[in-house]
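For reference, the chains in residue letters:
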Amino acid sequence: MEGINHDSSCMGAQTAHSHQPSREYDVAIVGAGPAGLTLAVILARLGIGTVIFDERHDQTIVGRADGIQPKTIETLQMLGLTDFDLLHKGVKVYDICMWRSSATSAIRRISRQVHYPTSIVDVLHPYILLCHQGMVESVLINDLGDSGVSVHRNHRFTDLSQGSDENIDALDVSLTEVGGDTLKHVIANYIVGCDGARSRVRQHIEGTHVTAKPQESYWGVLDGELDTDFPDIWSKTIVFSEEHGSVLIIPRERNMTRIYIEMKISQSVKNIDRSFVMNQAQLILAPYRVQWRSVEWFGNYQVAQRVAARFSDPSLRAFIAGDASHTHSPKAAQGMNTSMHDSWNLGWKLNLAARGLAKPTLLKSYEVERMKVAHDLINFDFEHANEIAGGDIERLAENFRANTRFIAGIGVEYAESVINLGCDQTSGLAKPGCTLPPSKATRYVDVNPVDIQLDIPMQGQFRVYVVVPDLLGSGETRFLDELSGVITSESSFLARLSRAASKSYRLKPRPQRSTDVFSRPERYRVISDVFTYCLLSKVIPMFRCSYIDLLNPHSVASTPKEKFEVVSLPALFSHSQWTVYLDDVPHLDTKGLHCITKWLGRLEPGEVAIVNVRPDGYVGSIQKWNTSIQDAGKIAARWLDEYYGSFLTMPDGF
């Protein structure tokens, strides 16, 4: 198969092993760290036959990555994974402090700032959540088990080759048991290497060599409980000492503190022990007292800023994600976050591809989108690392301010493409290629105020928000009737694709999960397994209006709720009662704005809009129409067919 390296030495060695029969899967994942587990969680939930292997005999227990950024918290919320272990056991850090000392001046605090100012970032969780990587892995593993999938441990990936003549497009994945001689073969349509910076999967994909920045750094890291009188131990803190170097202090769960020491020399880095890190921290923080009550984990490692030349093979069957595709320093807490979002981007695309519903351009977009992010991260990390090493606090603070949105995750943006259509029609914050801004709305059916961008569970569906400020306007009513009529007709591409997807999900159903009895995900699949249709209006319920409001018609944004019922709406929306929303709770919003205003800016009287949101929460396209134009609803329906038809397709034989 083009793009797959064949290592004859590995193939020859197979004859010395005992064999286990091959098993067939849609996707094989190598590596059960945060990237691999996130991908497995997504695919397993969507009903894709998934197998995941890891060399380690157990999950991460202590140490390693520890910082979860605001966008990642929101992503975990979209997956329903922000449970007690994370939000309640982790430490929330809202600020960042900077200290400095020199040969002529004692250590002193230079600045203390809010980490994520509301004037710069608009997020539901304006903090870094600190909890060790094993806690994140546990949450993902438990969720994976709820979908009926477990990690196959003590398995080392050894080879990758083309499948048999009967299934020439498939891949033959070879693995050996760690400490044993049993050779296992797995047949999969796709393979994803999430197996770290020294990825063996990457080595088997032609052209995925890594390119490196010239700077490499050497680190000692210590997790433990401190006995100290240093005042900013519960803030993210950077301390510069002209004489002894710098230290990065991170609060951790269970009363612990993480100490990062960057070592200036590379000689014998592997021999540097925890005493070295302790001694350096004490020298840098003197005259403050720094002692350790206990130590849980120590690590030393070398970090190079590298990005793979490719993230997939030309046949779009083999992929890499996480540290297998990019590595960088730990200074800005980006590694685990970026790795998980690689999988977040790839997961929904693989689901559609495995079902025969995606054109090749959709899978190609994974490399295009995530490679840009990787290079943006490396460039930021290079600058950020230099500023920390240089000890110029003012320049470091400016560098941090300039990159705050990127560090938080919401500044990770994708370029214009077939799935991210450029649009300059609106003055709002919703933009194609960007995450959907957080906003509040009232769910019509039960009058619950919800975070509208999180309300619909992740089921691999696109969300189509039809924004109609005035539901009772004659032009608006006609628009909805026309839009619904075309989309639900036999000839509509969206309707035909939905029928094909329905058949696919009958053959490969989503698993029945224990939480489904409470969340009722089927509410959002009544119309389609591919699309969730949503209606957003500024209709104000009468019972939300005060007596004075009722006497003043100008205080009511549109038409009272009592003048329409969901059942009277066109079929596309009357069957989707859980996704009809009222834009009437701006006081609950992070910026005090109506959802429509926040997303789209001003809509003129008679204007409606459609916002298409990808399964990963990124805006795909936005368009506005004037309802006074003849057949505006039909035109909008054809626009939807054209947009989705550019990267989705009918499966063979349907």
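Nothing here was measured: the structure is a model prediction, and the numbers come from that model. (Residues numbered from 1 in each chain as written. Predicted model: local features only at pLDDT ≥ 70, side-chain atom pairs only at ≥ 80, totals over all residues. Heavy atoms only, no water.)

A.B. asks: Hey, could you run me through the sheet that holds strand β4 (residues 91-93) in this one?
C.D. replies: The strands making up a sheet are joined through hydrogen bonds of the backbone, oriented either antiparallel or parallel. Pairing is antiparallel in the open sheet, where three strands are placed in the order β3-β7-β4. In the strand order of this sheet, the two ends are held by β3 (67-68) and β4, each with one partner. As paired elements, β3 and strand β7 (residues 128-130) share two bridges and run antiparallel to each other. The residue bridging Ile68 from the neighbouring strand is Leu129, located in β7. (Pairing = 2+ DSSP bridges. Helix = DSSP H or I, 4+ residues; strand = E, 2+ residues; numbered from the N terminus.)

A.B. asks: Could you clarify how one ought to interpret the environment of Arg523 in this entry?
C.D. replies: Position of Arg523 among the secondary structure elements: in the loop between α14 (516-519) and β22 (531-537). In this structure, the C-alpha to C-alpha distance between Arg523 and Thr579, residues 56 residues apart in sequence, is 9.0 Å.

A.B. asks: Teacher, can you tell me more about the nonpolar core here?
C.D. replies: Generally speaking, nonpolar side chains in soluble globular proteins are found buried as a group. Ranked by internal contacts, the top residues of the largest apolar core, which has 118 residues, are Ile191, Leu350, Val466, Leu483, Phe531, Tyr644 and Leu648. Residues in contact with Leu648, not counting those within four places in the same chain, are Leu352, Leu357, Ala358, Lys359, Leu362, Phe462, Phe493, Leu497, Val530 and Phe531. Counting 31 residues, the second largest nonpolar core, distinct from the first, contains Val91, Tyr116, Leu248 and Tyr260. (Core = buried A, V, L, I, M, F, W, Y, C linked by side-chain atoms within 4.5 Å. Buried < 20%, exposed > 50% of the residue type's maximum accessible area, 1.4 Å probe, protein only. Contact = heavy atoms within 4.5 Å.)

A.B. asks: Looking at this model, I keep getting lost on the pairing of strand β10 (residues 171-177). Mind explaining?
C.D. replies: On a regular strand, each side chain points to the face opposite its neighbour's, so the side chains alternate between the two faces of the sheet. Burial of β10 is extensive: six of the seven residues sit out of reach of the surface. Direction of pairing for strand β9 (residues 155-162) relative to β10: antiparallel, over a ladder of seven bridges. Bridge pairing links Arg156 to Thr176 in β10. Taken together, the six bridges between β10 and strand β11 (residues 182-193) define a ladder with antiparallel strand orientation. The residue bridging Asp172 from the neighbouring strand is Ile187, located in β11. Between the end of β10 and the start of β11, which pair antiparallel, lie four residues, with Gly179 showing a positive phi angle near 80 degrees.

A.B. asks: Explain the packing of aromatic side chains to me, please; I cannot follow it from the model alone.
C.D. replies: In this description, a pair of aromatic rings is defined by centroid distance and the angle of the planes. The full count for this structure, using the stated rule, is 21 aromatic pairs. For the ring pair Tyr643 and Phe647, a centre distance of 5.2 Å and an interplane angle of 75 degrees mean the geometry is edge-to-face. An aromatic cluster is defined as three or more aromatic residues linked by ring pairs; in this entry it consists of Trp348, Phe462, Phe479, Phe531, Tyr533, Trp625, Trp639, Tyr643, Tyr644 and Phe647. Above the ring of Tyr505, the side-chain terminus of Arg355 is found at 3.6 Å from the ring centroid. In this structure, Arg523 is placed above the aromatic ring of Trp578, and the distance from its NZ or CZ to the ring centre is 3.7 Å. (Phe/Tyr/Trp six-rings, centres within 6.5 Å; stacked < 30°, edge-to-face > 60°. Lys NZ or Arg CZ within 6 Å of the ring centre and 35° of its normal.)

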